[in-house]
Amino acid sequence: MSDTSPIPPFIPPQIPGQNRPAPNPPLGDNPGERVPIGGFVAAIETMLREPRRLMYQLRQQSAGSLILRLLIIAVLCSAIYGVVVGTFSRGVQLWAAPVKIAAGLLVAGLICLPSLYIFSCLSGSQARLMEVFGLVASLLTLMTVLLIGFAPVAWVFSQSTNSVPAMGALHLVFWAVSTFFGLRFLTTGFTHLSAAFDGGLKVWIAIFLLVVLQMTTALRPIVGTAETFWPAEKKFFVSHWIESLK
Amino acid sequence: MRTLTCILCHQQILVLLRAEPDSLRDWVERWQPARFHLCVAATVLGAGIYGAVMGSWRDPWQALYTGIKLPLVILLTTLGNAALNAMLAPLLGLNLGFRHCLMVILMTFTIAAIMLAGFSPIAAFIVWNMPPLTAATGLTSPEYGFLQLTLVAFIAYAGVMGNLCLAPLLRIWSGRAVTARNVLLAWLTMNLLLGSQICWVLRPFIWDPSRPVEFLGPEFLRGSFYETVFEAFRRLIFP
């Protein structure tokens, strides 16, 4: 039997700069990081397994097509997750939820992009707007790709329960986990922009989270149903949550 | 030829149960469809036997249904979380591919299912000792509570042991105990989240006092496991 035969030692390649306290060499030091990323699947794979390579590629002059690909992936993945969200209420929500989620995330990213660029300039970074845009696109892409991973779980729950608060809470938890990993990527990316951020990035992260959370209320209903596509009344997201729980 | 196949399968199962990191690593690294099929077959058989014992208290048909549903829960959980687990591993610092992740988790469940098969005679003994399902044995009777808790405890123990067998392998791959622990905890959390809900959807496993024996209850897509637990806590705190 081959089970007991000696095999060469196999250690999966580690992900630099993720969990290790090892020194953080400049991007591109490793020749593998200079290999261009082609295709959509390769972009997702690189984001998950070789984040430094993606960060290096985003800093190149020709990063435009890569950023476009990332944005397309983000829109597609958020739309697919949106369909899963829509299966809870069915009907109009099957197309309304994907549209709202994809558009909401893109708009949230665009709204927050200028402030992030300004923060980076204030902290002494030489980063171009395109590089910052690339990092925001990566943040959205990583978030939505992870949401796709959560989609089967969300689907099982959405077919079982009738409780809007329970489904809303579940989607929020999945969004929070995805956002955590997305923001971690963004933070790591910024350390390579020679930016001494201090509290600037933390403030931006807080703003981004608030914007996305408010977007869920501004574009409601996403999980439940309503008579109109847009909400008839303006509300702060905390008030909306409290009302939903009553 | 058939005898030889049985012997080979038996040896493979033993390799899996010993859970030596080198052997497990070989199973994951060298993708062989035969091993994958063996894992699926062992899961179906092991969990199926235990499920049949669980359901046998109520009725032979319930034994058949639970014998089908318990392996189904395991396989659906493995498949449902496959993509997510493969994404979480590299994000937490362990650069494993999709197929590797799938195989590792399937092996974990296989070990748990084989353990459950081993517990089946004990579970059968407990079921045999339980008073038969009559008007005197209700949902609130201590015998039913004991049966429920014991059967669930066996499943929980097998699940935990299956995962603990996996831990040394993850530690070798990641090179760090913290990374291995994080990946294991992330996988466990997601498998628990989805697994409990799939169990909820596929209920009843032992019996439903208000219904005849059936594969799925009429309310299989109503409510969720966590809402019910939350509601029970709420009733306990605010009666």
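Shown above is the structure to which this text applies.
Calculation notes
- Residues numbered from 1 in each chain as written.
- Chains lettered and ligands numbered in written order.
- Predicted model: local features only at pLDDT ≥ 70, side-chain atom pairs only at ≥ 80, totals over all residues.
- Heavy atoms only, no water.
- Helix = DSSP H or I, 4+ residues; strand = E, 2+ residues; numbered from the N terminus.
- Rg over C-alpha atoms; globule rule 2.2 N^0.38 Å.
- Buried < 20%, exposed > 50% of the residue type's maximum accessible area, 1.4 Å probe, protein only.
- Contact = heavy atoms within 4.5 Å.
- Areas by Shrake-Rupley, 256 points an atom, 1.4 Å probe, with all protein chains shown as cover.
- Lys, Arg positive; Asp, Glu negative; His and termini not counted.
- Charge placed at Lys NZ, Arg CZ, Asp CG, Glu CD.
- Salt bridge = Lys/Arg side-chain N within 4 Å of Asp/Glu carboxyl O.
- Core = buried A, V, L, I, M, F, W, Y, C linked by side-chain atoms within 4.5 Å.

A. Fine view of the overall build of chain B. Counting its regular elements, chain B contains 9 helices and 0 strands. Shown N-terminal to C-terminal, the secondary structure of chain B runs as helices and strands in the order α-α-α-α-α-α-α-α-α. Expected size for 239 residues packed as a compact globule is a radius of gyration near 18 Å; at 19 Å, chain B falls within 12% of this value. Viewed in the frame of its principal axes, chain B has a C-alpha envelope of about 55 × 55 × 25 Å. Counting all 239 residues of chain B, 49% fall into the buried class. For chain B, the proportion of contacts with a sequence separation of at least 24, taken over those separated by at least 6, is 73%. Approximately 11400 Å² of chain B is accessible, and the part contributed by carbon and sulfur atoms is 72%. Taking the average location of the 16 positive side-chain charges in chain B and that of its 11 negative ones, the two points are 6 Å from each other.

B. View of the pattern of salt bridges. All names here are of chain A. This model, assessed by the stated rule, comprises 10 salt bridges over all chains. Salt-bridge contacts for R52 lead to E33; the nearest nitrogen and oxygen are separated by 2.8 Å. Of this pair, R52 sits in helix α2 (residues 51-58) while E33 is found in the segment before α1 (40-49), placing the two residues 19 residues apart along the sequence. E33 carries the same exposure label as R52, and that label is buried.

C. Representation of the nonpolar core. Ranked by size, the top nonpolar core spans 137 residues in total, and within it F174(A), W204(A), F208(A), Y50(B), L170(B) and W187(B) carry the most contacts. In contact with L170(B), not counting residues within four places along its chain, are L94(B), L96(B), A180(B), V183(B), L184(B) and W187(B).

D. Inspection of the environment of G104(A) at higher detail. All names here are of chain A. Looking at the secondary structure, you find G104 in helix α4 (residues 93-122). Judged by relative accessible area, G104 falls into the buried class, the value being 6%. On a C-alpha basis, the gap between G104 and S78 in space is 9.7 Å, while along the polypeptide they are 26 residues apart. Residues in contact with G104, not counting those within four places in the same chain, are V99, M215 and L219.

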